[in-house]
Amino acid sequence: MNGYFMFNLLTHPQLIKAVGLFLLRHTGNDKDFLTTRASYCFNLTGPSVNVQTACSTSLVAVHVACRSLLSGECDMALAGGVRIAVPQESGYRYQAGSILSPDGH
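Here's a quick rundown of the structure. Given the structure is predicted, the values throughout are model-derived calculations rather than measurements.

Before going further, it helps to spend a moment on the layout of surface pockets. The calculated volume of the largest pocket comes to roughly 2000 Å³. In terms of lining residues, the largest pocket is bounded by 45 residues, among which Leu 34, Asn 50, Gly 80, Gly 81 and Val 82 are the most central. Of all the secondary structure elements, the ones that give two or more residues to the lining of the largest pocket are α1 (3–9), α4 (34–41) and α5 (57–70). No other element matches the six residues that α5 contributes to the lining of the largest pocket. Of the residues that constitute the lining of the largest pocket, the class distribution is 24 nonpolar, 16 polar and five charged.

See below:
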């Protein structure tokens with residue numbers, strides 16, 4: 001769920017009315033449009049592929065880019081990952097049996 005969209009944009013009814021919900025969501029405020037938006041902004045050509053795997057997204061994105069380069073599907077690839085937390089919080093409370101580590105590492 002996009003916290004920035006939910007907490008910072010949807011809380012401004014006048015913005016929603018002026019711009020429209022569709023454009024607010026689809027012009028850089030939804031995770032599923034990041035790759036195509038970046039390609040558009042940087043005037044990149046070729047396919048833009050969105051990868052989502054929870055904790056390993058950046059690693060999988062680099063893997064997919066490398067495989068595409070090695071197989072000759074492309075001559076150049078751009079891969080990466082982004083995480084922005086809104087509202088900004090730090091740390092977590094450890095719970096036994098959860099995926100988070102007890103010492104924070």
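Here Tyr 92 is to be found in the segment after α5. Those residues in contact with Tyr 92 that sit more than four places away from it in its chain are Leu 100, Ser 101 and Gly 104.

Its identity as a non-glycine residue notwithstanding, Asn 43 has a phi of 55°, on the positive side. With respect to the helices, strands and loops of the structure, Asn 43 is situated in the loop between α4 and α5. Of note in this structure, Ala 54 is not a glycine but carries a positive phi near 70°.

Bringing a nonpolar patch on the surface into the picture now. Nonpolar side chains collect at one region of the surface, where Met 6, Phe 7, Leu 10 and Leu 21 lie side by side and expose about 340 Å² of accessible area between them. Here Leu 10 lies in the loop between α1 and α2 (13–19). Residue classification places Leu 10 among the partly exposed residues on the basis of a relative accessible area of 35%.

Here is what the cut-offs are and how they apply
- Residues numbered from 1 in each chain as written.
- Predicted model: local features only at pLDDT ≥ 70, side-chain atom pairs only at ≥ 80, totals over all residues.
- Heavy atoms only, no water.
- 1 Å grid on protein atoms, 1.4 Å probe; cavity = no way out; pocket = protein on both sides within 12 Å on 5 of 7 lines; lining within 4 Å.
- Points joined across faces, edges and corners; volume = space filled by probe spheres on them.
- Helix = DSSP H or I, 4+ residues; strand = E, 2+ residues; numbered from the N terminus.
- Nonpolar A, V, L, I, M, F, W, Y, C, P; charged D, E, K, R; others polar.
- Contact = heavy atoms within 4.5 Å.
- Patch = residues over 30% accessible without salt bridge, like charges linked within 9 Å, V, L, I, M, F, W, Y side chains within 5 Å.
- Areas by Shrake-Rupley, 256 points an atom, 1.4 Å probe, with all protein chains shown as cover.
- Salt bridge = Lys/Arg side-chain N within 4 Å of Asp/Glu carboxyl O.
- Buried < 20%, exposed > 50% of the residue type's maximum accessible area, 1.4 Å probe, protein only.

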